[in-house]
Amino acid sequence: MVSPSKLLEPPLNRMPCIVMHSRPGQSCTQAFLWNLYRNHVSSGKYYLPLLLVPLLLKWRSLSKKTIKPVIMNYVQATSFASCINATTFYMMCMARRHNGRFKLIYTPFLSCWTGSQVCWLMPPQVLHYFVTGVTHAALESLLRQFHMPLVHSRLDQTLIFMICSLVVLHYQQAKRYSGFWFIRPVPLPKNYNKRSLAKLIRESLGEFSTYLGIGLALDLINPIRRRSLKNLRLNSTSFLIGYIGLFKLVQSLLANRLDLKHTNALAAFVSGASFASLNRLTYMSFAVVTASQVIWQQVCSKDSEKDKTLAMIQKIPWSKLLIPWSLAYLVHVFFFHQKYLNDLANDFIDSTCDKNGSRLLDLMKLPDANAILTTVNKSPTTSFW
């Protein structure tokens, strides 16, 4: 078993709760209040792109009306993430005190599952943000942990992404889905059939600059957060440019040969092949989750007045049910099977809990209980700010 499991074995499993606390001399309640504060600070820094990127994309049309919801989403996402993390550590302390030792089911799975129940209070926008993020990361970790052949097959991943692209862009072009997707092609004008191929392609070039900017912003997030441009890769930029380019090319070529519905469907499917240049299981997992959400949205939009079964299905709160299980699984993987966790999920878990996760992992690498307690009782390195 990996080193973090030492916390569950004698004699370390009988250690006091101070090993969970980020500052020496704290009681469990004091540690909870301190974590709640520090998690707001760390989560605020982590979610800063969530505030800045939408504002940068809409900088030409900024107003109080557009700024307010962005700031509200930022504040709410920060607060809910902070509460979940602080409650998770507090519940681990309570379970240790109740059982007299650290037990696997509570450390951290059941504690995180319990803390994540706060998702029932989340507003719709924040709920959607959380469920999309944690479920696609959980899906990827499950695929890796069970060594599914899909993990190592670029062809299969690309084909799945192409199908998801077809589903999402079909409903997006039909104006039946307005949520996030990698691209949002501008619909063809009503008189498109009267325009030449060259003119259609020329009009499409204006969209490239938009996706060039979005791609660069995404590629710069992690280097800026880590304060180093050494590992800058333009993967997102090349993917978005290729994606929108293929879509517009196929759409323009077939605009006067097929009806618009079939043209858009074929363009959506073929352009999904741009995923081959990216080859990231994270993006494919995200695509699967998003396509599932789009299909579910269409199911919920159906009239269920005369269909009691459909009415019951529509009432299932999938997001609120999936978040606790997905997040608890991810935190469990973070502590015990970290090699199956993608960098994005690892960064999310550790950054929003003020690095308490990595601090605990580092403690478990020490040789014995005395070394751990000595390190825990040293002056804290975490500042108030």
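Above this text you will find the structure in question.
Residues numbered from 1 in each chain as written. Predicted model: local features only at pLDDT ≥ 70, side-chain atom pairs only at ≥ 80, totals over all residues. Heavy atoms only, no water.

Enquirer: I'd like a description of the packing of aromatic side chains, backed by residues and values.
Expert: Scanning the entire structure with this criterion turns up 23 aromatic pairs. On the basis of an interplanar angle of 15° and a centroid distance of 5.0 Å, the ring pair of F161 and F275 is categorised as stacked. In this pair, F161 is assigned in helix α6 (residues 154-173) and F275 in the loop between α9 (260-271) and α10 (281-300), connecting sequence segments 114 residues apart. When the ring of F182 is compared with that of F239, the centres are 5.4 Å apart and the planes differ by 85°; the resulting orientation is edge-to-face. Separated by 57 residues along the polypeptide, F182 in the loop between α6 and α7 (197-226) and F239 in helix α8 (residues 235-254) bring together distant segments of the chain. Residue F182 shares its accessibility class with F239, and that shared class is buried. Among the aromatic residues, ring-to-ring pairing joins F161, F180, W181, F182, F239, Y243, F275, Y283 and F286 into one connected group. The positively charged end of R23 is found above the aromatic ring belonging to W34, 4.4 Å away from the centroid. (Phe/Tyr/Trp six-rings, centres within 6.5 Å; stacked < 30°, edge-to-face > 60°. Helix = DSSP H or I, 4+ residues; strand = E, 2+ residues; numbered from the N terminus. Buried < 20%, exposed > 50% of the residue type's maximum accessible area, 1.4 Å probe, protein only. Lys NZ or Arg CZ within 6 Å of the ring centre and 35° of its normal.)

Enquirer: Describe the nonpolar core, listing the residues and the values that go with them.
Expert: Generally speaking, soluble globular proteins have nonpolar side chains that are buried together. One finds V19, M122 and F130 to be the most contacted residues of the largest nonpolar core, which totals 55 residues. The biggest single contributor to this core is helix α12 (residues 318-336), with ten residues. Apart from residues lying up to four places away in sequence, V19 is in contact with L7, F102, R359, L360, L363, M364, I372 and V376. Counting residues in each nonpolar core, the second largest holds 32 residues, with Y171, V250, M284 and A287 among its members. (Core = buried A, V, L, I, M, F, W, Y, C linked by side-chain atoms within 4.5 Å. Contact = heavy atoms within 4.5 Å.)

Enquirer: Run through the packing of helix α5 (residues 124-145) against α10, naming residues and quoting values.
Expert: One way to put it is that α5 packs onto α10 with a least axis distance of 9 Å and a crossing angle of 130°. With respect to α10, the element α5 is oriented oblique. Here α5 and α10 pass one another in a crossing that is right-handed. Between α5 and α10, the contacting residues are H128, V131, T132, T135, H136, L139, E140, L143 and R144 on the first element and L281, T282, M284, S285, F286, V288, V289 and Q293 on the second. Partitioning the contact of α5 with α10 into residue classes produces eight nonpolar, seven polar and two charged. (Axes fitted to C-alpha atoms, helices over the stretch in contact; angles between N-to-C directions. Parallel < 35°, antiparallel > 145°, perpendicular 65-115°, else oblique. Left-handed = near helix turned anticlockwise from the far one by under 90°. Nonpolar A, V, L, I, M, F, W, Y, C, P; charged D, E, K, R; others polar.)

Enquirer: Tell me what's going on with the state of the cysteines, and back it up with residues and numbers.
Expert: Note on terminology: disulfide describes a covalent bond linking the sulfur atoms of two cysteines. Evaluation of the coordinates by the stated rule reveals zero disulfides. Here C119 stays unpaired: no disulfide links it, and the sulfur of C112, its closest cysteine neighbor, is 11 Å away. What makes C119 buried here is its relative accessible area of 0%. Free of any disulfide, C353 has its nearest cysteine sulfur in C112, 10 Å distant. Since its relative accessible area comes to 4%, C353 is described here as buried. (Disulfide = S-S within 2.5 Å.)

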